[in-house]
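# Descriptive analysis of the structure
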Amino acid sequence: MRVAVLGMGSVGRGVLQMIEEKDLGISVTAVADSRSALIDKDGISIDEVLEAKAKSGFCGDRSLTAMDVVKKAAYDVLIEVTPTNADTGEPALTHILTALEKGRHVVTSNKGPISREFSRIRSLAAARGVQVRYEATVGGAIPVMHMLEHGLAGNRVLAVFGVLNGTCNFILTRMAAEGLTYEQALLEAREMGYAEADPTYDVKGIDPAVKLVILANTFCRKPVTLEDVEITGIDLLTNDALRLAEEQHCTIRLIAEAIPDRGILRVAPRLLPLSHPLVVEGTLNAITIETDMAGEITLIGKGAGSVETASAIIGDLLYIRNFHAERHPKKT
Ligand code: HSE
């Protein structure tokens, strides 16, 4: 299987490292960052490209762009991991639509296009008979999409509740455990590199709302958008509120919830008993899926990070390889 990788940030580099280290039989025929690209139909050297990026800041030829890769490279799967834009979804949206239009599969961690143009992307993929997979958009390493689509196939999903933003969870954990102020905890979270480029997306609840939209569109019949989500962030939470919670053997977590039958699509700080399964610490994410047959299932894991996100992307890639092998037995 041949892949082209767009985006050489921590996720893109993690994916390349894992493809190399794990010897998965995947050939990387193109890479691009925001200012350069490299295309070789016979396969590029991952070590060389990572070294070039580390030394010069460029992964390849400055006269080539990400769109050149999408249009001209020889690949079966486009891995779209460029920085996300929650407002327009661009330029990732154009990369994804163009690859699908050309009949290529797509794997992405990019929340912007998947939350904004889910129906359009899915319809185009279906029309071209290819896969678009986006496990890495929600919950980092947690295989929640696979669980919803495959593990719980045949179940009716009644509700999904979750801690979907590691930055907010880290801030709440640090405020409660160490008595840090909101500003001090936010500064620490930013230093760890988990926060979005603009951390107001995290603390105002927009990032978890975007993830909730992606989850809801995956399991609900009725398509939803970010505008349908009622959002309250944690930016106005005080240490007093956390102290009061503690006096009741509780704590506060930013919970995203989708309950289709009750028309609920909401992100808001919630008071939870300390023993509640969604009370996870630090940057962890946690997701509870409530179903008719399986009852409640809670998944807990790392919601971000280079290798953790690569785990979700590689899972999607290998899923496609099986799918692709069935349809095109000679190519794999
Ligand atoms: N800023 C996000 C978070 C990164 O803190 O969860 C992962 O999507």
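Residues numbered from 1 in each chain as written. Predicted model: local features only at pLDDT ≥ 70, side-chain atom pairs only at ≥ 80, totals over all residues. Heavy atoms only, no water.

## Examining the site of the ligand
Stated precisely, the cut-off is as follows: If a single non-hydrogen atom of a residue is within 4 Å of a molecule or strand, that residue counts as near it. N or O atoms within 3.5 Å of each other form a polar contact, as long as, within protein, one can give a hydrogen and the other can take it, and as long as residues adjacent in sequence are counted only when both atoms are side-chain atoms. For every accessible area listed, the method is Shrake-Rupley and the probe measures 1.4 Å; residues are considered covered only by the protein chains on display. Only DSSP runs of H or I covering at least 4 residues are called helices, and only runs of E covering at least 2 are called strands; the numbering of each starts at the N terminus. Each residue receives one of three labels: charged for Asp, Glu, Lys and Arg, nonpolar for Ala, Val, Leu, Ile, Met, Phe, Trp, Tyr, Cys and Pro, and polar for the others, Gly being one of them.
Neighbouring the ligand are Lys-111, Asn-165, Gly-166, Thr-167, Tyr-194, Ala-195, Glu-196, Asp-202, Asp-207, Lys-211, Gly-303 and Ala-304. Within the backbone of Tyr-194, one N or O atom sits 2.9 Å away from a nitrogen atom of the ligand. The contact in question runs from a nitrogen atom of the ligand to an N or O atom on the side chain of Asp-202, over 2.8 Å. For the ligand, whose free accessible area comes to 260 Å², the fraction covered by protein is 90%. Breaking the shell around the ligand down by element, the ones donating at least two residues are helix H8 (166–178) and helix H11 (206–219). Within the shell around the ligand, the residues separate by chemical class into three nonpolar, four polar and five charged.

## Looking at the packing of helix H1 (residues 10–22) against helix H2 (residues 46–56)
The packing of two helices is summarised by the inter-axis angle and the distance between the axes. Under the convention used in this document: Here an axis means a line fitted to C-alpha atoms, over the contact stretch when the element is a helix, while the angle between two N-to-C directions is reported on a 0 to 180 degree scale. Oblique is the label for every angle not falling under 35 degrees (roughly parallel), over 145 degrees (roughly antiparallel), or within 65 to 115 degrees (roughly perpendicular). By definition, any crossing whose near helix is turned counterclockwise from its far helix by less than a right angle is left-handed, and any crossing with a clockwise turn is right-handed. We call two residues in contact when some of their heavy atoms are within 4.5 Å.
Direction vectors running N to C along H1 and H2 enclose 150°, while the axes themselves pass 10 Å from each other. Compared by their axis directions, H1 and H2 come out roughly antiparallel. At the point where H1 passes H2, the crossing takes the left-handed sense. Here Arg-13, Leu-16, Gln-17, Ile-19 and Glu-20 of H1 come into contact with H2, specifically with Ile-46, Asp-47, Val-49 and Leu-50.

## With respect to the layout of surface pockets
To find leftover empty space, one rolls a probe the size of a water molecule over the atoms. Cut-off, in case you're wondering: A 1.4 Å probe that fits but cannot get out identifies a cavity on a 1 Å grid over protein atoms alone, an open set with protein on both sides within 12 Å along at least five of seven lines counts as a pocket, and a residue lines either if it has an atom within 4 Å of a point. Grid points are joined across faces, edges and corners, and a volume is the space filled by probe spheres set on the points.
Volume-wise, the second largest pocket comes out at about 530 Å³. Taken together, 26 residues form the lining of the second largest pocket, with Phe-219, Cys-220, Arg-221, Lys-222 and Pro-260 sitting closest to its centre. The set of elements that each furnish at least two residues to the lining of the second largest pocket consists of helix H7 (144–151), H11, strand E9 (250–259) and strand E10 (264–273). Here the lining of the second largest pocket takes three residues from H11, the largest share from any one element. Classifying every residue of the lining of the second largest pocket by side-chain character gives 15 nonpolar, four polar and seven charged.

## A few points about the domain arrangement of the protein
Going by this rule: Here the limits of each domain have been adopted from an automatic or database domain assignment. In this description, buried area is defined as the sum, over both parts, of the accessible area (probe of 1.4 Å) that is lost when the two are combined. One speaks of a salt bridge when a side-chain nitrogen belonging to Lys or Arg is within 4 Å of a carboxyl oxygen belonging to Asp or Glu.
Annotation of the protein at the domain level lists domain 1 (2–140 + 307–325) and domain 2 (154–302). Measuring from the centre of the C-alpha atoms in domain 1 to the corresponding centre in domain 2 gives 28 Å. Taken together, the contact pairs 15 residues of domain 1 with 17 residues of domain 2. When domain 1 packs against domain 2, close to 1,300 Å² is buried across both sides, 60% of that on carbon and sulfur atoms. Area buried by domain 1 at its contact with domain 2 is led by Lys-111, Ser-115 and Val-138, which between them contribute 38% of it. Summed over the shared surface of domain 1 and domain 2, the number is four salt bridges.

## A closer look at the pattern of salt bridges
Stated formally: Buried residues are those whose accessible area, probed at 1.4 Å on protein chains only, stays under 20% of the maximum for their type, while exposed residues exceed 50% and partly exposed ones sit between those limits.
Evaluated as defined, the whole model comprises 22 salt bridges. Note that Arg-133 and Glu-149 form a salt bridge whose closest N and O atoms lie 3.4 Å from each other. Taken as a pair, Arg-133 in strand E6 (residues 132–133) and Glu-149 in helix H7 lie far apart in primary sequence, 16 residues in all. Accessibility expressed as a relative area gives 5% for Arg-133, which makes it buried. Residue class for Glu-149 comes out partly exposed when judged on its relative accessible area of 27%.

## Some points on the environment of Phe-58
Its location among the elements puts Phe-58 in the loop between H2 and helix H3 (66–72). The exposure class of Phe-58 is buried, given its relative accessible area of 14%. Separated by 38 residues in sequence, Phe-58 and Ile-96 place their C-alpha atoms 22 Å apart. Not counting the four nearest positions on each side in its chain, Phe-58 is found in contact with Asp-33, Arg-35, Ser-36, Ala-52 and Lys-53.

## Overview of the sheet that holds strand E3 (residues 37–39)
By definition, the strands of a sheet pair up through backbone hydrogen bonds, in either a parallel or an antiparallel sense. Put simply, the rule reads: Between any two strands, pairing holds if DSSP finds at least two bridges.
Spatial ordering of the open sheet is given by E3-E2-E1-E4-E5-E6, a layout of six strands whose pairing is mixed. The open sheet terminates on both sides in strands that have one partner only, identified here as E3 and E6. With five bridges joining them, strand E1 (residues 2–6) and strand E2 (residues 27–32) adopt parallel strand pairing. Within the sheet, the bridge partner assigned to Arg-2 lies in E2 and is Ser-27.

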